Amino acid sequence: MTKPNKPQNMYDNPDFLAGYSTLERFGEGWEKAGERDDLLGLLPDVTGLRVLDLGCGAGQLSRYLAEQGAASVVGVDLSEKMLALAREKWAHPSVTYQRDALETAAFQPASFDLVVSSLAFHYVEDYAALVSRIADWLTPGGVLVYSTEHPIFTGRLPGDGWVSGDDGPRWAVDRYATEELREENWFVDGVRKAHRTFATFINGLVDAGLAVERVIEPVASEQWIKDHPDWPDEWRRPTFLLVRARKS
Ligand SMILES: C[S@@+](CC[C@H](N)C(=O)[O-])C[C@H]1O[C@@H](n2cnc3c(N)ncnc32)[C@H](O)[C@@H]1O
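The structure contained in this document is the topic of the report that follows.

In this section: the sheet that holds strand S4 (residues 112–118). The strand order across the open sheet built from seven strands is S3-S2-S1-S4-S5-S11-S10, with neighbouring strands paired in mixed fashion. On the outer flanks of this sheet lie strand S3 (95–99) and strand S10 (210–216), each paired with one strand and no other. The mean inter-strand angle of the sheet, taken between neighbouring strand axes irrespective of direction, is 15 degrees. Where strand S5 (residues 138–149) meets strand S11 (residues 240–247), seven bridges bridge the pair, whose relative direction is antiparallel. For Glu 149, the partnering residue across the bridge sits in S11 and is Phe 240. Where helix H4 (residues 80–89) meets the sheet, it contacts strand S2 (72–77) and S3, and its direction lies at approximately 165 degrees from that of S3.

Right, let's get into the pairing of strand S6 (residues 162–165). For S6 and strand S7 (residues 168–171), the ladder comprises four bridges, and the chain directions are antiparallel. The residue of S7 that forms the bridge with Val 163 is Arg 170.

Where helix H5 (residues 127–137) contacts helix H7 (residues 198–207), the axes come no closer than 9 Å and their chain directions differ by 40 degrees. By the criterion of interaxial angle, the relationship of H5 to H7 is oblique. Handedness of the crossing formed by H5 with H7: right-handed. Taking contact as the criterion, the partners of Tyr 127, Ala 128 and Val 131 in H5 are, on H7, Thr 200, Gly 204, Leu 205 and Asp 207. Considered class by class, the residues forming the contact of H5 with H7 number four nonpolar, two polar and one charged.

Those residues of H4 that fall on the buried side of the exposure criterion are Met 82, Leu 83, Leu 85 and Ala 86. Projection of H4 onto a plane perpendicular to its axis shows the buried side chains occupying an angular sector of 155 degrees, all on one side. Relative to its buried face, H4 has exposed residues pointing more than 90 degrees away, namely Glu 80 and Glu 88. The secondary structure elements touched by the buried residues of H4 are S2 and S3.

Rules used throughout
- Residues numbered from 1 in each chain as written.
- Predicted model: local features only at pLDDT ≥ 70, side-chain atom pairs only at ≥ 80, totals over all residues.
- Pairing = 2+ DSSP bridges.
- Helix = DSSP H or I, 4+ residues; strand = E, 2+ residues; numbered from the N terminus.
- Axes fitted to C-alpha atoms, helices over the stretch in contact; angles between N-to-C directions.
- Contact = placed C-beta atoms within 7 Å.
- Parallel < 35°, antiparallel > 145°, perpendicular 65-115°, else oblique.
- Left-handed = near helix turned anticlockwise from the far one by under 90°.
- Nonpolar A, V, L, I, M, F, W, Y, C, P; charged D, E, K, R; others polar.
- Buried ≥ 20, exposed ≤ 12 C-beta atoms within 10 Å, placed from the backbone.
- Arc of directions from axis to C-beta.

Shown next as structure tokens:
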């Protein structure tokens, strides 16, 4: 059996973080993130819930959930720099931030009513193991809501994925069924993300005993394209996949 790769802590790389922090969605800008409304729309009423936020980053979602009335929120992230931002700018009395990898974090069975994760699962190589542990941490009836990079996005041709077509760019997917860590240049070389198929995302939940309740594959709206003239082709493919699943 091949040894699993060590989780990559790219967000503590100063050059990567300098680039990442220029994104519109960084910091206060998280309210402008294109998939945000869809993600929040998948959440149950969080009043009184014990919540776990996996890959919490700078903590915007963790604090938002606390402000919405969650009883407690535990935000877990591998990056010390992201957690430092979370503790400084997105603190809340009901939120605890803790440093750990998604691959090694450990909690008591049935200790959370809701597990959320915004755009972190595509950094984790062993998805089946992760969702099986999440299922164990959830109470019966508990909910998992996550967003991740879409398989059509992670499965692109090496490079930026665009090829030219007769009337404009086309998005090209290559070796879709080959599930592996793929390296890309995103602000720096060597950023590692896991590519896996849509079937793997869904079947992993089913195998972990979680019932899939909703799946969303948002694409950029006409308004978003108008507001972002440098990104005219974002409507051509989904960048993210959003899922809600429930433990029976
Ligand atoms: C794209 S950011 C998303 C942050 C935040 N959830 C949001 O939506 O703004 C991905 C986050 O996942 C964290 N991360 C990546 N791989 C991780 C791992 N293996 N374990 C824990 N956190 C990880 C990164 O440090 C980073 O903060």
